[in-house]
Amino acid sequence: HLLWTIWVFITPLFSGGFTLRWMLITLWSYPLFVLFYAMTLLASRRTAPLFALAMVVLSFALLRVYPSGISYFIFGCVMLRTGCSRSTTRYLLELVALNAVFVALASWIGYQWQTIVWVPVISTIIGLIVNVERTSSEKDAALRLSHEEVRRLAATAERERIGRDLHDLLGHTLSLITLKLELSRKLFERDPARSQSELAEAEQIARDALAQVRSAVTGFRAADMAAEIASAHLLLESSRVHLRHAPPPPMPSWIESGLAMVLREAVTNIARH
């Protein structure tokens, strides 16, 4: 956007040429303007509008002797809202007020009517376009944060569920294996045959437990349609979109996984656009 300040150096072609006075004013006013421009981007949301207003004041102060300062005015109008969260209505009212002051001041100085007309038009159009783009980017950023938060909460809940399920699955099994091994140790000298039998049973229990854990982990890794619907509901509700849905019917895991990914992508696009 700063490249558009080339108009500071083009304006003299239409208003008296490149004079020594124009050069001297440019040498101190343009660096000051660039400083204000940088501060509107770097300052806090509370103070950033003050630097945009400083651009406008700089333009008004130079308007009588420095037509190039009109560019400072346009930049000030455009950037009045870029650093803060003003409503569109309030921003429009501020634009009207600033342009009314410009029109009055330019008319009193004696600017041509073409300049008095096109400057308010340009500042309003560019200001609305730039700020609509900024609002859209802020909404996209908020959407990404909201989506990531939903995913994080869903992942946390899934980890807790996996922990509970594995505890229920392995707790009893490991206790049983421990008892079998203790019994085998005690029977090792008195009844070697029974000791071998207890070891074989412990081995079989361990193998069964390993198979159950693998089956459970495979199920956890697959996309769950019910969990994806719950996640979609939370995400859309945060965007004020109501989602009505029924419980998903039974289906093969590979179909459920594919549909869950389709739902995730569709909900993301709905919330974004």
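See the structure printed just above.
Note that the structure is a prediction, hence the values are computed from the model and not measured.

Chemist: Tell me about helix α4 (residues 70-78), residues and numbers included.
Modeler: With respect to burial, α4 is a largely interior element, nine of its nine residues being buried. By the burial criterion, the buried members of α4 are Ile70, Ser71, Tyr72, Phe73, Ile74, Phe75, Gly76, Cys77 and Val78.

Chemist: Give a description of the nonpolar core that names residues and reports values.
Modeler: In terms of nonpolar packing, the biggest core is built from 34 residues, with Phe33, Met55, Tyr66, Ile70, Tyr72, Phe73 and Phe102 touching the most fellow members. Each residue touching Ile70, except ones within four places of it in the same chain, is listed here: Ser59, Leu63, Phe102, Tyr111, Thr115 and Val119. Counting residues in hydrophobic clusters, the runner-up holds six residues, among them Leu143, Ala232, Leu236 and Ala271.

Chemist: Break down the environment of Thr135 for me, with residues and values.
Modeler: Mapping Thr135 onto the fold places it in helix α6 (residues 113-187). Of the residues examined, Thr135 reaches a relative accessible area of 24% and is grouped as partly exposed. Sequence separation between Thr135 and Arg81 is 54 residues, and the spatial gap between their C-alpha atoms is 9.9 Å.

Chemist: If you had to explain the packing of helix α2 (residues 20-42) against helix α3 (residues 48-62) to someone new, which residues and values would you point to?
Modeler: Two packed helices can be described by the angle between their axes and the distance between those axes. At a minimum axis separation of 7 Å, α2 and α3 run at an interaxial angle of 160°. As judged from the angle between their axes, α2 and α3 are roughly antiparallel. α2 and α3 meet at a crossing whose hand is left-handed. The segment α2 lies against α3, with Ile25, Trp28, Ser29, Leu32, Phe33, Phe36, Tyr37, Met39 and Thr40 engaging Ala48, Phe51, Ala52, Ala54, Met55, Leu58 and Leu62.

Reading guide: rules and limits
- Residues numbered from 1 in each chain as written.
- Predicted model: local features only at pLDDT ≥ 70, side-chain atom pairs only at ≥ 80, totals over all residues.
- Heavy atoms only, no water.
- Buried < 20%, exposed > 50% of the residue type's maximum accessible area, 1.4 Å probe, protein only.
- Helix = DSSP H or I, 4+ residues; strand = E, 2+ residues; numbered from the N terminus.
- Core = buried A, V, L, I, M, F, W, Y, C linked by side-chain atoms within 4.5 Å.
- Contact = heavy atoms within 4.5 Å.
- Axes fitted to C-alpha atoms, helices over the stretch in contact; angles between N-to-C directions.
- Parallel < 35°, antiparallel > 145°, perpendicular 65-115°, else oblique.
- Left-handed = near helix turned anticlockwise from the far one by under 90°.

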